[in-house]
Amino acid sequence: MNNNENIIKLEQVVFSYPGSNITTLNHLDLEINRGDRLGMMAPNGSGKTTLLHTIMGLCKPNSGIIKIFGKQLKNEKDFAPIRTKIGLLFQDSDDQLFCPTVLEDVAFGPLNLGFSQEDAIKIARETLAKLGIEDFEQSVTHRMSGGQKRLVALAAVLAMQPEVLLLDEPTAGLDNKVKNKLINILNNIDITFLVISHEFDFIKAVTDKIYSMEEGRVLTDDKIHIHRHEHVHKHGRHPHVHK
Ligand SMILES: Nc1ncnc2c1ncn2[C@@H]1O[C@H](COP(=O)(O)OP(=O)(O)OP(=O)(O)O)[C@@H](O)[C@H]1O
Ligand SMILES: [Mg+2]
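All of these numbers come straight from a predicted model, not from anything done at the bench.

A. The side chain of Thr24, seen in detail. Mapped onto the secondary structure, Thr24 falls in the loop between strand 1 (6-15) and strand 2 (25-33). Those residues in contact with Thr24 that sit more than four places away from it in its chain are Phe15, Ser16, Tyr17, Ser46, Gly47, Thr50 and Gly216.

B. Focus on the layout of surface pockets. Here the largest pocket defines a volume of roughly 430 Å³. Lining the largest pocket we find 18 residues, and of these Arg83, Phe90, Gln96, Phe108 and Met160 sit closest to its centre. Mapped onto the lining of the largest pocket, the elements with two or more residues apiece are strand 6 (86-89), helix 3 (102-112) and helix 5 (146-158). Among the elements that line the lining of the largest pocket, the one with the most residues is helix 3, at four residues. Per-class residue counts for the lining of the largest pocket are 10 nonpolar, five polar and three charged. Volume-wise, the second largest pocket comes out at about 200 Å³. Among the elements that make up the lining of the second largest pocket, the one with the highest residue count is helix 4 (residues 117-130) (four residues). Classifying every residue of the lining of the second largest pocket by side-chain character gives six nonpolar, two polar and two charged.

C. Representation of the site of ligand 1 within the structure. In the vicinity of ligand 1 lie 13 residues, with Gly45, Lys48, Thr49, Thr50 and Gln91 positioned nearest. Take Asn44: an N or O atom from its side chain is 2.9 Å from an oxygen atom of ligand 1. At a separation of 3.2 Å, an oxygen atom of ligand 1 approaches a polar backbone atom of Ser46. If ligand 1 stood free it would expose 640 Å²; the protein chains cover 59% of that surface. In the shell around ligand 1, the residues fall into two nonpolar, nine polar and two charged.

Conventions we followed
Residues numbered from 1 in each chain as written. Chains lettered and ligands numbered in written order. Predicted model: local features only at pLDDT ≥ 70, side-chain atom pairs only at ≥ 80, totals over all residues. Heavy atoms only, no water. Helix = DSSP H or I, 4+ residues; strand = E, 2+ residues; numbered from the N terminus. Contact = heavy atoms within 4.5 Å. 1 Å grid on protein atoms, 1.4 Å probe; cavity = no way out; pocket = protein on both sides within 12 Å on 5 of 7 lines; lining within 4 Å. Points joined across faces, edges and corners; volume = space filled by probe spheres on them. Nonpolar A, V, L, I, M, F, W, Y, C, P; charged D, E, K, R; others polar. Near = heavy atom within 4 Å. Polar contact = N/O pair within 3.5 Å; in protein donor to acceptor, adjacent residues only side chain to side chain. Areas by Shrake-Rupley, 256 points an atom, 1.4 Å probe, with all protein chains shown as cover.

Structure representation (structure tokens):
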């Protein structure tokens, strides 16, 4: 694996949502190289999801350059093929899942990639087993709990066997046991990824570098210092709040 090979490069990207007078991405630069295991922690509304959607060609920048696998991408025709190589886990699982059953949802990607029905189902079943949700394969996706849907959405992304993973708050709604399973999976697959999370312990466990976002730009780790605050105090007799 060539660890310096550039996979994703954004140069001076500017993006505003149509009709909005806010510049959500403001001359943003970002580089992701093969083998990178990047984390991103930044406040609500700082543009993290917009950034991932821009990489996937779901938000079209007003100006700037997007290069993926060394090639500049401009229109839908350019972006369509890279969506099979870069797996985006949407922040909202309902944006990802649209088939009646779990197995169909997870097999959809491999089928789309040209695998036979039999092979697509085999891949889907293996992926579900990896995440420990194989017993749900015949469940109706939209009736599952939020955390279960999160896992199915993750299975749907992993089943595509992408070269790069963009994960938008993957642990939202997951219990600790499942979260640890996800940590284990991410630490044992040979894949380039960028993961957005508000959970310091999770992001610390799976990434080598943590970036942030401010004023529509990415702040790389030489410009920021993220650390966890901890404190201890006596319980006291009565429940209390911190001011
Ligand atoms: N479809 C949209 N139309 C107009 N404005 C939008 C749209 N989606 C997001 N925005 C705005 O763009 C800004 C960035 O939103 P974005 O969802 O990228 O933030 P985020 O960093 O992912 O936040 P969070 O941590 O809450 O997920 C916000 O001000 C938001 O209101
Ligand atoms: Mg978001």
